[in-house]
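Results of the structural survey
Below, each chain spelled out in residue letters.
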Amino acid sequence: MMKKLPIGIQSIREILEENQAYVDKTGFAKELIEKGKHYFMSRPRRFGKSLFLNTLEEILKGNKKLFKECQIYNSDYDWQEYPVLYFDFAKLPNKTTEEFKTGLEEALEDAAKLYGMSISGSSCQSKLSRLTTELAQNNRVVVLVDEYDSPIINNLKNLEVAEQNRDFMKDFFGTLKSLDKYLKFTFVTGVSKFSQVSLFSGPNNLTDITMDPRYATMMGYTEIELRQCFAEHVQSIIIKRSEDGEKVTKDQIFEEVREWYNGYRFSDKIASVYNPYSTLRFLSAGKPESYWYSTGTPSFLIDLVKKYPQSVIPLKGTAALKSTLSDISKLDRINLPALMFQTGYLTIKDYNPNEDSYSLDFPNREVKEAFFNSLLQEFTEVDPLEVNRAAEEVRKDLENFDVESFVNKMNIHFAKMAYQLFSKANEGFYQAVFFTFLEKSGITTIAEMATNIGRIDLICEMPKATCIFELKLDKTAGIAFDQAKFKKYRERYTHNGKDILVMGINFSSKTRNIGTWKGVVFSSSLQSTQEIVPTKENHNL
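Okay, so let's go over this structure. (Residues numbered from 1 in each chain as written. Predicted model: local features only at pLDDT ≥ 70, side-chain atom pairs only at ≥ 80, totals over all residues. Heavy atoms only, no water.)

1. Notes on the overall build of the chain
Helix and strand content of the chain: 20 helices and 14 strands. The globule rule puts the C-alpha radius of gyration for 541 residues at 24 Å, and the 27 Å found for the chain is close to it. For the C-alpha atoms alone, the extent of the chain along its principal axes is close to 85 × 55 × 45 Å. Counting across all 541 residues of the chain, residues that qualify as buried make up 55%. At a minimum sequence separation of 6, the contacts of the chain that also span at least 24 residues come to 68%. Split by element, the accessible area of the chain, about 23900 Å² in all, is 45% carbon and sulfur. Separation between the mean location of the 70 positive side-chain charges and that of the 73 negative ones in the chain comes to 1 Å. (Helix = DSSP H or I, 4+ residues; strand = E, 2+ residues; numbered from the N terminus. Rg over C-alpha atoms; globule rule 2.2 N^0.38 Å. Buried < 20%, exposed > 50% of the residue type's maximum accessible area, 1.4 Å probe, protein only. Contact = heavy atoms within 4.5 Å. Areas by Shrake-Rupley, 256 points an atom, 1.4 Å probe, with all protein chains shown as cover. Lys, Arg positive; Asp, Glu negative; His and termini not counted. Charge placed at Lys NZ, Arg CZ, Asp CG, Glu CD.)

Following this line, the structure appears as structure tokens:
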């Protein structure tokens, strides 16, 4: 009988007792318990953090029988029973710091009741101290904290509250660190790492294993795990599609789920994992959709893009140091690539050991499509369906160097944007909108590509051509084109055997679209073969 899929289940007891499909991660749990003491790991939402923490809880409570079908059961783990304090900060109210304090105090009191105790104290810190020292009379205490950063992330629109919540947590975790001699093990999870929360400094700070290659596959599913644990579910999809008249093979199904949900890489190790939530939903429904993305609109990301529109342009292919990706120190100036990496909208695509830097990209089709849909809806307020419908013709226009038709279609998209969106628009805004329209049209785009003499604004790689764009606002297309021509950006692309279109585009704040443009087609040997200008000379080039 095919095992039930544990969609949204965060209880390891429910999964194991009901014989649901389970990808065994207990080997990781054993290693962490035996080799260290204080840990932190960040992973995107719905990536298995809560389930793994619950697994640690059951193991550290000594519930050996529960794991009789798991790797840890037949190991040499000693199965001691420890008192466990488990806090899920995502479940605590946090719209004000007072609300957050009250919720945490109640959580501490509830934890005490589970062990038949009653605690008093003038603050959360004093109650935590008294509860921990009392419990430690029997055995050292385990503290597990899930989604510690929720009180911060949920209030990024209200920085005063976010900072107050951060400062309160700094005091709370500072107290926890002072109780080290009473503690057996601590594990804290979150989506992001905010360095000023006292978790990551001092002699007994948490060991951050977020980008540790040893634990890169601890959450999420590897290719091997997918094939081993869900073969029956894949076969069920094959049968169902066959009944519907679609003949597919097992390899085709795995390729489909790989394209949509694989690609998450969290270290310099070449090991990627599938999004567990979306994968389970796909195996259940038998068809690909944006399951993970639809469970939570990244409003904080869209707000950042609205505030700093040009920051969206270099996201794809951007490079960053490990320290940049793994740490957010200032809430009022959050690095967008770092936040998108930590929250799962970007992932590692390559590692440069000489620089200790990582290049980033969207992990898979689900995230990329859904992210640009959100940008269109929330940033440009243009219906993604309308852009999709014109996408094939836009690609053909660019491939065939039919620039006038291409520009006209782009301007149709610009015309659908609400007037008020342009009230404070700068050059970065226009560039970001243009970039979003191109990406949503299915055109592979690289932004702000560095050369030895400058940065190219946008490059589009087509099957038979390379297009280089230099973009300006309220200047002239001639100025934009001359900059691209003078800096000889095209020379970088002579090796690929394709024709090269170099274009200067000038956006007009008056007409709120592409005002003037000028282009020249070069052969792969850099010989000018065709100058392209508008058929109607309405502007001064």
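2. Considerations on the sheet that holds strand E3 (residues 141-146)
One open sheet accounts for five strands, arranged E2-E3-E4-E1-E5; its pairing is parallel. Among the strands making up the open sheet, the edge pair consists of strand E2 (84-88) and strand E5 (207-208). Two strands pair when backbone bridges link them, and E2 and E3 are joined in this way by five bridges, in the parallel orientation. For Tyr86, the partnering residue across the bridge sits in E3 and is Leu144. (Pairing = 2+ DSSP bridges.)

3. Let's talk about the environment of Leu156
Residue position: Leu156 is located in the loop between helix H6 (150-153) and helix H7 (159-178). Linking Leu156 and Ser299, residues 143 residues apart in sequence, is a C-alpha distance of 9.8 Å. Apart from the residues within four sequence positions on either side, Leu156 is in contact with Phe300 and Ile334.

4. Notes on the pattern of salt bridges
Following the criterion strictly, the structure yields 31 salt bridges and no others. Note that Lys37 is salt-bridged to Asp180, the shortest N-O span being 3.3 Å. You can see Lys37 sitting in the loop between helix H2 (26-35) and strand E1 (38-42) and its partner Asp180 sitting in the loop between H7 and strand E4 (183-190), a full 143 residues away along the chain. With a relative accessible area of 24%, Lys37 lands in the partly exposed category. Between Glu392 and Lys396 there is a salt bridge, with the nearest N and O atoms lying 3.5 Å from each other. (Salt bridge = Lys/Arg side-chain N within 4 Å of Asp/Glu carboxyl O.)

5. As for the environment of Glu386
One can find Glu386 in helix H17 (residues 384-399). Taking relative accessible area as the criterion, Glu386 reaches 32% and is therefore assigned partly exposed. Along the backbone, Glu386 and Asn154 are 232 residues apart, and their C-alpha atoms lie at a distance of 32 Å.

6. Comments concerning the packing of aromatic side chains
For the structure shown, the criterion picks out 41 aromatic pairs. Geometrically, the ring pair formed by Trp292 and Tyr345 is tilted, given 5.2 Å between the ring centres and 45° between the ring planes. Highlighted residues: Trp292 in helix H12 (residues 291-294) and Tyr345 in the loop between helix H15 (336-342) and strand E7 (347-352), separated in sequence by 53 residues. There is no split in this pair, since Trp292 and Tyr345 are both buried. Above the plane of the ring of Phe266 lies Arg43, whose end atom (NZ or CZ) is 3.8 Å from the centre. Arg227 extends its terminal NZ or CZ atom over the ring of Phe254, reaching a point 4.1 Å from the ring centre. (Phe/Tyr/Trp six-rings, centres within 6.5 Å; stacked < 30°, edge-to-face > 60°. Lys NZ or Arg CZ within 6 Å of the ring centre and 35° of its normal.)

7. Details of the packing of helix H18 (residues 403-415) against helix H19 (residues 427-440)
Relative orientation of the contacting elements H18 and H19 amounts to 110°, with a least axis distance of 11 Å. Considering their axes alone, H18 and H19 lie roughly perpendicular with respect to each other. Here H18 runs over H19; the crossing is right-handed. Residue-level contacts link Phe406, Met410, His413 and Phe414 of H18 to Tyr430, Val433, Phe434, Phe437 and Leu438 of H19. Classifying every residue of the contact of H18 with H19 by side-chain character gives eight nonpolar, one polar and no charged. (Axes fitted to C-alpha atoms, helices over the stretch in contact; angles between N-to-C directions. Parallel < 35°, antiparallel > 145°, perpendicular 65-115°, else oblique. Left-handed = near helix turned anticlockwise from the far one by under 90°. Nonpolar A, V, L, I, M, F, W, Y, C, P; charged D, E, K, R; others polar.)

8. Focus: the pairing of E4
Of all eight residues in E4, eight are buried, a share of seventy percent or more. When E1 meets E4, the two strands line up parallel, connected through five bridges. Bridge pairing links His38 to Thr186 in E4. Sheet analysis places E3 next to E4, joined by five bridges and oriented parallel. In the sheet register, Leu144 faces E4, and the bridge partner there is Phe187.

9. As for helix H16 (residues 365-380)
With 16 residues, H16 extends 21 Å between its outermost C-alpha atoms, agreeing within 8% with the 22 Å of an ideal straight helix rising 1.5 Å per residue. For H16, every residue scored as buried is listed here: Glu366, Val367, Ala370, Phe371, Phe372, Ser374, Leu375, Leu376, Phe379 and Thr380. Here H16 starts with a cap whose side-chain oxygen sits 3.3 Å from the backbone nitrogen of Glu366, and that cap is Asn364. Trailing H16 by a residue or two, Glu381 shows a phi angle of about 60°, which is positive. (Expected span 1.5 Å × (residues − 1). Polar contact = N/O pair within 3.5 Å; in protein donor to acceptor, adjacent residues only side chain to side chain.)

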